[in-house]
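Tertiary structure, described
For reference, the chains in residue letters:
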Amino acid sequence: MAITVRPFRSADAPRVAEIVHRCLREVNSRDYPADIIDMMCGHFTAERFIELSRCRLVYVAVDHVVGEDERVVGTVSRDGNRVYSMFVDPVLAGRGIGRRLMQHIETLAADDGYDHMETGASLTAHGFYLKLGYTDVRETETEFGFNHILRKPLSRPDPPRARRDTG
Ligand SMILES: CC(C)(COP(=O)(O)OP(=O)(O)OC[C@H]1O[C@@H](n2cnc3c(N)ncnc32)[C@H](O)[C@@H]1OP(=O)(O)O)[C@@H](O)C(=O)NCCC(=O)NCCS
């Protein structure tokens, strides 16, 4: 797989919604009741992603196969140092795509001067964030059920190297 991360475009919306619905029905449904899953599927429509992209920075991971059109395989969103809507095509889970998406937005947040990242994790994704170095801050009940709130310190980008005086 040759995965890159780029900003979301409106044309990605149907595929992004499809990935999210598949995650919810096939993966998150192991941890959450059917009424919550139905509510989330109703919330995360293609139109909603287009709306969200006007107020958050939405990214997609795309797979490039030689001779074929690029294919969207995952998504994540950022509002400052907060993470939203992290979903990877269940068929491609466990291949580093989620880590790649998180590294992308963590780097951008560090470049913007944030010293930590914060995420609300589903029961399903809690272990994923722990693996990426996040630690638990608190627990919360949301309209979409129980969530873990986790944080991870961000390292500051290297300052520009001081010019050496060769005179
Ligand atoms: C959770 C999710 C985003 C992870 O994406 P992914 O591409 O499968 O994750 P990666 O392959 O980058 O995994 C990175 C590491 O985390 C581990 N990991 C991934 N998902 C995990 C999980 N649910 N629990 C524990 N560890 C997990 C991987 O084994 C890997 O560990 P390694 O570095 O030792 O090999 C993805 O499985 C998903 O979309 N799940 C359903 C939707 C969901 O719950 N989204 C989050 C909403 S808050």
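About the criteria used
- Residues numbered from 1 in each chain as written.
- Predicted model: local features only at pLDDT ≥ 70, side-chain atom pairs only at ≥ 80, totals over all residues.
- Heavy atoms only, no water.
- Helix = DSSP H or I, 4+ residues; strand = E, 2+ residues; numbered from the N terminus.
- Buried < 20%, exposed > 50% of the residue type's maximum accessible area, 1.4 Å probe, protein only.
- Contact = heavy atoms within 4.5 Å.
- 1 Å grid on protein atoms, 1.4 Å probe; cavity = no way out; pocket = protein on both sides within 12 Å on 5 of 7 lines; lining within 4 Å.
- Points joined across faces, edges and corners; volume = space filled by probe spheres on them.
- Nonpolar A, V, L, I, M, F, W, Y, C, P; charged D, E, K, R; others polar.
- Expected span 1.5 Å × (residues − 1).
- Salt bridge = Lys/Arg side-chain N within 4 Å of Asp/Glu carboxyl O.
- UniProt positions renumbered as here; feature names shortened; annotations may be inferred.
- Pairing = 2+ DSSP bridges.

Details of the overall build of the protein chain
On a plain count of helices and strands, the protein chain comes out with five helices and seven strands. Along the protein chain, helices and strands appear, N-terminal first, in the series β-α-α-α-β-β-β-α-β-α-β-β. Each of the three principal axes of the protein chain carries a C-alpha extent, and together these read 70 × 45 × 30 Å. Relative to its full complement of 167 residues, the protein chain shows a buried share of 43%. Across the protein chain, contacts joining residues at least 24 apart in sequence account for 64% of those joining residues at least 6 apart.

Some words on the layout of surface pockets
As a volume, the largest pocket reaches approximately 1,200 Å³. M86, F87, S122, A125 and Y129 are, among the 41 residues lining the largest pocket, the residues nearest its centre. For the lining of the largest pocket, the secondary structure elements donating two or more residues are α2 (34-43), β4 (82-88), α4 (97-111), β5 (116-121), α5 (126-131) and β7 (145-153). A total of seven residues in the lining of the largest pocket trace back to one element, the largest contributor, which is β4. Considering only residue class, the lining of the largest pocket consists of 22 nonpolar, twelve polar and seven charged.

A closer look at α4
Every α-helix carries 3.6 residues per turn, so stepping three or four residues along brings you back to the same face. Given a rise of 1.5 Å per residue, 15 residues ought to cover 21 Å, and the 21 Å separating the end C-alpha atoms of α4 matches this to within 8%. Those residues of α4 that fall on the buried side of the exposure criterion are I97, G98, L101, M102, I105, E106, A109 and A110. Count one or two residues on from α4 and you reach G113, which has phi positive near 100 degrees.

Quick word on the side chain of S122
In this structure, S122 sits in the loop between β5 and α5. Given the relative accessible area of 17%, S122 is considered buried. S122 has contacts with N28, Y32, F146, N147 and H148, leaving out every residue within four places of it along the chain.

A short note on the pattern of salt bridges
Following the criterion strictly, the structure yields 13 salt bridges and no others. Taking the shortest distance from any N to any O, the salt bridge between R6 and D12 comes out at 2.9 Å. Residue R6 is classed as buried on the basis of its relative accessible area of 10%. Between D112 and R78 there is a salt bridge, with the nearest N and O atoms lying 3.1 Å from each other. With D112 in the loop between α4 and β5 and R78 in strand β3 (residues 71-79), the pair connects residues that are 34 residues apart, well separated along the chain. Classification of R78 by relative accessible area gives buried; the value is 5%. One continuous salt-bridge network, built from bridges that share partners, spans R15, E18, R22, E26 and D89.

Side note on the UniProt feature "domain: N-acetyltransferase" (unreviewed entry) in the protein chain
Here the UniProt-annotated "domain: N-acetyltransferase" (unreviewed entry) positions come out as residues 3-155. The span residues 3-155 shows a helical share of 36% and a strand share of 33%, and its end C-alpha atoms are spaced 24 Å apart.

Regarding the pairing of β7
In this sheet, β7 lies alongside β5 in antiparallel orientation, the contact comprising six bridges. Its bridge partner lying in β7, A121 is registered against H148. Looking at chain direction, strand β6 (residues 135-142) and β7 are connected through seven bridges and run antiparallel. Among the inter-strand pairings, R138 is bridged to a residue of β7, identified as I149. Taking the residues between adjacent antiparallel strands as the criterion, β6 and β7 are bridged by two residues.

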